[in-house]
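# Geometric and topological summary
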Amino acid sequence: MSDKHDAGGVPTTGHVWDDDLADFANQPPKWWMLGLTASAIWCVVYFLYYPSFGLSSTQTFFKGLAGWTAIGEMNADTSVVDEVRGKYEAKLKDMTPAAILADSELTEYVTRSGKVLFGDNCAACHGTNGVGAADKQGFIAPILRDDDWLYGGNIEDIHTSIMGGRQGVMTPHKDVLSAAEIDTLANAVAAGTPTSTPLFAEKGCTVCHGADGKGLAAMGSANLTDSVWRFESSLEGIKYTIANGVNAGPGSRDAVMPSFQAAGKLSDAEMKKLAVYVYKFGK
Ligand code: HEC
Ligand code: HEC
């Protein structure tokens, strides 16, 4: 072995190739050795600290020196959340929806849970975020995002709609009106001017839709002078509604909003949250 393989006294492994290339037995760098040792120690500590190996003889496992469990960690987290929520929940228990609305912090809190409640309980009929969902009859349920309300759009009205449900009834007219009369009325309604024909008052439409045809909130009768439609808005669709009515037995249009109080599906607090959430739509 020649001198050119002498690197300050470091021995070679004895492997020399071509007389030029030798394999020295150097130690790895110090930082690397420290890292290796530290991670080995870390493994042992971690292994003992947390639940790790099974104890087959007893059908159980080594529970770790720290007594940590995943469920324990989750419970600790939820109790923090419960504490924050509990403060709000206790406050809104005795408040009316209108009082909640007047408190901006509570409104913020309520609107967040309202969004989830709406998705779970209301969106199937009213559409995601209340934009409406349609089938071939027209809208399954009214759009809640506009300012057109069948039963009134103040916070109490909305709360009442949710608690008690709604079911507007329009009697069928196919037996009391001729086809020509239905045609005249449908054309007047389609044009947004129902009162332009004397039939509107003569045939009793004003009893439910009001003398001006703008609808009566007490009955949930639609405003017939605007361009917002609940059911099919084609001339044929309007004729169908006039002839067959709404919620008036077979063949009539269906429009039933279930009572969430009667169904017992939602708590009082949840119905209040939803009232505020729906009221805040588009505002
Ligand atoms: C099974 C379908 C259905 C579900 C579920 C439903 N609704 Fe309705 N909702 C309706 C229908 C249909 C109407 C209209 C009733 C009518 O025309 O008389 C309505 C009416 C309303 C009204 C009155 C609208 C107005 O213009 O005055 C409000 C407010 C309302 N719903 C809110 C909700 C909320 C909040 C939920 C969830 C908790 C919900 N609805 C769940 C079908 C539904
Ligand atoms: C007994 C009360 C009542 C009478 C009478 C009545 N309506 Fe209605 N009508 C309603 C109600 C309630 C609704 C809304 C139903 C709903 O959306 O749930 C309605 C809805 C309608 C609609 C559908 C509007 C839309 O947006 O799709 C038309 C059209 C209509 N009525 C026309 C008439 C005409 C024309 C007459 C007279 C021949 C008449 N109605 C008589 C209660 C009545």
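Nothing here was measured: the structure is a model prediction, and the numbers come from that model. (Residues numbered from 1 in each chain as written. Chains lettered and ligands numbered in written order. Predicted model: local features only at pLDDT ≥ 70, side-chain atom pairs only at ≥ 80, totals over all residues. Heavy atoms only, no water.)

Neighbouring residues of ligand 2: 26 residues in total, closest Met170, Cys205, Cys208, His209 and Arg230. Measuring from an oxygen atom of ligand 2, one finds a backbone N or O atom of Phe231 at 2.9 Å. Considered class by class, the residues forming the shell around ligand 2 number 17 nonpolar, 8 polar and 1 charged. (Near = heavy atom within 4 Å. Polar contact = N/O pair within 3.5 Å; in protein donor to acceptor, adjacent residues only side chain to side chain. Nonpolar A, V, L, I, M, F, W, Y, C, P; charged D, E, K, R; others polar.)

Right, let's talk about the site of ligand 1 for a bit. Of all residues adjacent to ligand 1, which total 26 residues, the nearest are Cys122, Cys125, His126, Tyr151 and Met257. Within the side chain of His126, a nitrogen or oxygen atom sits 2.8 Å from a nitrogen atom of ligand 1. Within the backbone of Gly168, one N or O atom sits 2.7 Å away from an oxygen atom of ligand 1. Going through the elements one at a time, α5 (123-126), α6 (155-164) and α12 (268-280) are the ones with two or more residues in the shell around ligand 1. Examining the composition of the shell around ligand 1, we find that 3 residues originate from one element, α6, more than from any other. (Helix = DSSP H or I, 4+ residues; strand = E, 2+ residues; numbered from the N terminus.)

Around the iron atom of ligand 2, the protein supplies Met170 (SD) and His209 (NE2) as donor atoms, at distances of 2.0 to 2.1 Å. Note that the iron atom of ligand 2 binds 6 donor atoms; their angles at the metal cover 87 to 179°, and the shape is octahedral. One end of the pair, Met170, is in the loop between α6 and α7 (179-190); the other, His209, is in helix α9 (residues 205-209), with 39 residues separating them in the sequence. (Donors = N, O, S within 2.8 Å, 3.2 Å for Na, K, Ca; no water. Tetrahedral: all angles 85-135°; square planar, octahedral: opposite > 155°, others 65-115°.)

Quick look at the pattern of salt bridges now. Enumeration over the complete set of coordinates arrives at 7 salt bridges. For the salt bridge of Arg112 with Glu108, the shortest nitrogen-to-oxygen distance reads 2.7 Å. Taken as a pair, Arg112 and Glu108 lie in helix α4 (residues 104-121) at a separation of 4 residues, close to a single helical turn. On the basis of relative accessible area, Glu108 is assigned to the partly exposed category, the value being 45%. Sharing partners across several salt bridges, the network here consists of Asp183, Glu236 and Lys239. (Salt bridge = Lys/Arg side-chain N within 4 Å of Asp/Glu carboxyl O. Buried < 20%, exposed > 50% of the residue type's maximum accessible area, 1.4 Å probe, protein only.)

Right, let's get into α12. For α12, with 13 residues, the first-to-last C-alpha span of 19 Å sits near the 18 Å given by 1.5 Å per residue. Turning to α12, its buried residues are Ala269, Met271, Lys272, Lys273, Leu274, Ala275, Val276, Tyr277 and Val278. (Expected span 1.5 Å × (residues − 1).)

Within the first shell, the iron atom of ligand 1 binds the protein through His126 (NE2) and Met257 (SD), at distances of 2.0 Å. Between the 6 donor atoms coordinating the iron atom of ligand 1, the angles at the centre fall across 89 to 180°, so the site counts as octahedral. Of the two residues, His126 is situated in helix α5 and Met257 in the loop between α10 (235-244) and α11 (260-263); the sequence distance between them amounts to 131 residues. Taking the relative accessible area as the measure of exposure, His126 reaches 9% and is therefore buried.

Looking now at the side chain of Ser221. Relative to the elements of secondary structure, Ser221 occurs in the loop between α9 and α10. Look at Ser221 and you get buried, because its relative accessible area is 10%. In terms of polar contacts, Ser221 uses its side chain to reach the backbone amide nitrogen of Leu216, at 2.8 Å.

Attention now goes to the pairing of strand β1 (residues 12-17). Note that β1 and strand β2 (residues 21-24) share 3 bridges and pair antiparallel. Each bridged residue has a counterpart across the sheet, and for Val16 the counterpart in β2 is Ala22. (Pairing = 2+ DSSP bridges.)

Turning next to the domain arrangement of the protein. Each domain of the protein was delimited in the assignment, giving domain 1 (3-61), domain 2 (73-165 + 258-280) and domain 3 (179-244). Taken over C-alpha atoms, the centre of domain 2 sits 32 Å from the centre of domain 3. With 12 residues of domain 2 in contact, the opposing surface of domain 3 contributes 12 residues. Taken together, domain 2 and domain 3 are joined by 0 salt bridges. Our count for the contact surface shared by domain 2 and domain 3 stands at 2 residue pairs in polar contact (both at pLDDT 80 or more). (Domains from an automatic or database assignment. Contact = heavy atoms within 4.5 Å.)

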